[in-house]
Amino acid sequence: MTRGTVRDGSSGAPRSVDVAKVAGVSQKTVSRVFNDEPYVSDEVRRRVLEAAEQLGYRRNNAARALASGHTRSIGVVTLGTALYGPASLLMGVERVVRDTGYALRVVNTVEGDPAGVAGAVGSLLDQGVDGIVISEPIDEDEEGGEGDLSTRVNVPVLVLGAPPSFTAPTVLFGGRGADLMAQAAVEHLLDLGHPTVYHLAGPQRWYAAKDRLEGWRAALATHGRDEPPVVEGDWSAASGYAAGRKLAADHEVTAVFAANDDMAIGLIRALTEAGRRVPEDVSVVGFDDIPVAAYVTPPLTTVRQPFDTVAQEGLKRLVHAIENPQADPVPASDPPVDLVVRASTQPPPPRTPPGRRRHSASPLRGETPSP
């Protein structure tokens, strides 16, 4: 049989009744299979899916929306950026949404617009989405912005991160745990014997940067270590390079935790140019595990972010809330902590004997020079 041609020889778009005839089941069973309902045997499910593939059958989601009052669509609010973390999370969400049978509608926000999230959510609600994913990484409401969504949201919401507070019928949270991942990175360096760990932070308007800063602080406090001054970058390799020029001048620095891999790579370049070897003189840990991290010199120790896991779990919970509005929400699981140890970390070098100690050429931001 030619794909897209039903058994009576007509060439119109195949219908569920045609799939039922080919599979030898009822039309209701076809509906159960495509709605992923229980009480359908594996054998029957296989026959229905094979028949649908043979005929080129696709569900008519528009008709289903008219019948059910749902559009079978999920909206996503995300910052319009090519940065690895937000872009990777959005790609994970897109893959999972396709697998759920829902359509995806994406609205990008613009950095610096305090009303961006509220406007994006309003646009999605106007399109009749059944649920919303908010993957907004920046706190635009720090100084009393216009991000109040409390009167506008009437569908379940999945929050990946921590945007301004609002209310909705169901609010689910996912993608948290960056503080625990950062803590593991810092503890790795402390366990190697480094007396303390410096932090190259991301911009503090970003929730991810705040979480990683808190994880760094928690690890140092737990181990009773001094907290050095923080150097802040902007996620770029260039800002990591600029920070590395400052840190290279201070020979007390033997370990640095960078809030993302791009800054870590720029940092290593600056340290190397200044004659500070990595990891012999300074150990460096990044965050994200971008594809190039395993191929720089030296290969970068980093924390791998579970973007696909976050997307899969979060969307599963959101779809459950959409389709079972009276049921209790599916609880979130603890995020995995995946520290990938490579060649950019090792124990610190032997300390210089008293009287031969080298001093910093210039203080770090926030430090007071020794008398």
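This section reports on the structure supplied with the text.

Rules of the game
Residue positions are counted from 1 within each chain, in the order its sequence is given. Local features are withheld for residues below a pLDDT of 70 in this predicted model, meaning they are given only at 70 or higher, and side-chain atom pairs are given and counted only at 80 or more; totals for whole chains, interfaces and linings count all residues. Note that water and hydrogens are dropped before the side-chain values are worked out from all heavy atoms of the structure. Each reported salt bridge corresponds to a side-chain nitrogen of Lys or Arg within 4 Å of a carboxyl oxygen of Asp or Glu. In DSSP terms, a helix is any run of H or I states spanning at least four residues, a strand is any run of E spanning at least two, and both are numbered starting from the N terminus. For the exposure calls, accessible area comes from a 1.4 Å probe over protein chains only, and a residue counts as buried if that area is under 20% of its type's maximum, exposed if over 50%, partly exposed in between. The span one expects for a helix is its residue count, reduced by one, times 1.5 Å. Working rule for contacts: check all heavy atoms of both residues, and any pair within 4.5 Å makes them a contact. Centres within 6.5 Å are what make two rings of Phe, Tyr or Trp a pair, Trp counting through its six-membered ring; a difference in plane orientation under 30 degrees is then read as stacked, over 60 as edge-to-face, and the rest as tilted. Whether a charge lies above a ring is judged from NZ of Lys or CZ of Arg, which has to be within 6 Å of the ring centre and within 35 degrees of the ring normal.

### Side note on the pattern of salt bridges
As enumerated under the stated definition, the model contains 12 salt bridges in all. For Asp-308, the salt bridge goes to Arg-95, with nearest N and O atoms at 2.5 Å. Here the residue Asp-308 occupies a position in helix H11 (residues 307-323), and Arg-95 occupies one in helix H5 (residues 84-100), the gap between them amounting to 213 residues. Judged by relative accessible area, which is 36%, Asp-308 ranks as partly exposed. The partner of Glu-214 in a salt bridge is Arg-217, and the shortest N-O contact between them spans 3.6 Å. Of this pair, Glu-214 and Arg-217 both sit in helix H8 (residues 207-222), separated by 3 residues, roughly a single helical turn. Accessibility expressed as a relative area gives 43% for Glu-214, which makes it partly exposed. Here Arg-217 falls in the partly exposed class, since its relative accessible area comes to 31%.

### Overview of H8
Over its 16 residues, H8 runs 22 Å from end to end, which matches the ideal 22 Å to within 8%, given 1.5 Å per residue. Residues of H8 that are buried: Tyr-207, Ala-209, Arg-212, Leu-213, Gly-215, Trp-216, Ala-219 and Leu-220. On the buried face of H8, the contacting elements are helix H7 (178-191), strand S6 (198-201), strand S8 (255-258) and strand S9 (283-288). Positive backbone phi, at 65°, marks Gly-224, one or two positions downstream of H8.

### Observations regarding helix H1 (residues 16-23)
Buried residues dominate H1, accounting for 6 of its 8 residues. Of all the residues in H1, the buried ones are Ser-16, Asp-18, Val-19, Ala-20, Val-22 and Ala-23. Residues of H1 that are buried make contact with helix H2 (27-34) and helix H3 (42-55). Positive backbone phi, approximately 70°, marks Gly-24, located one or two places after H1.

### Overview of unusual backbone geometry
Cis peptide bonds are those with omega within 30 degrees of zero, and the linkage from Val-278 to Pro-279 qualifies with 15°. Of note, Pro-279 is situated in the loop between helix H10 (261-273) and S9. Omega for the bond connecting Thr-297 with Pro-298 falls within 30 degrees of zero, at -5°, which places this linkage in the cis form. Take Pro-298: it is sitting in the loop between S9 and strand S10 (301-304). Although it is not a glycine, Trp-235 adopts a positive phi angle of roughly 85°. Its relative accessible area of 6% is what places Trp-235 among the buried residues. At Asp-289, a residue that is not glycine, the phi angle is positive and equals roughly 60°. Relative to the elements of secondary structure, Asp-289 occurs in the loop between S9 and S10.

### Points about the packing of aromatic side chains
By the definition in use, this model includes 3 aromatic pairs. Here Tyr-84 and Phe-307 contribute two aromatic rings whose centre-to-centre distance is 5.8 Å and whose plane-to-plane angle is 75°, an arrangement assigned as edge-to-face. Here Tyr-84, found in helix H5, pairs with Phe-307, found in helix H11; they are 223 residues apart in sequence, far enough to count as distant. What makes Tyr-84 partly exposed here is its relative accessible area of 28%. Take Phe-307: its relative accessible area is 10%, and that puts it in the buried class. Note that Arg-72 overlies the ring of Tyr-102, its terminal NZ or CZ placed 4.1 Å from the centroid.

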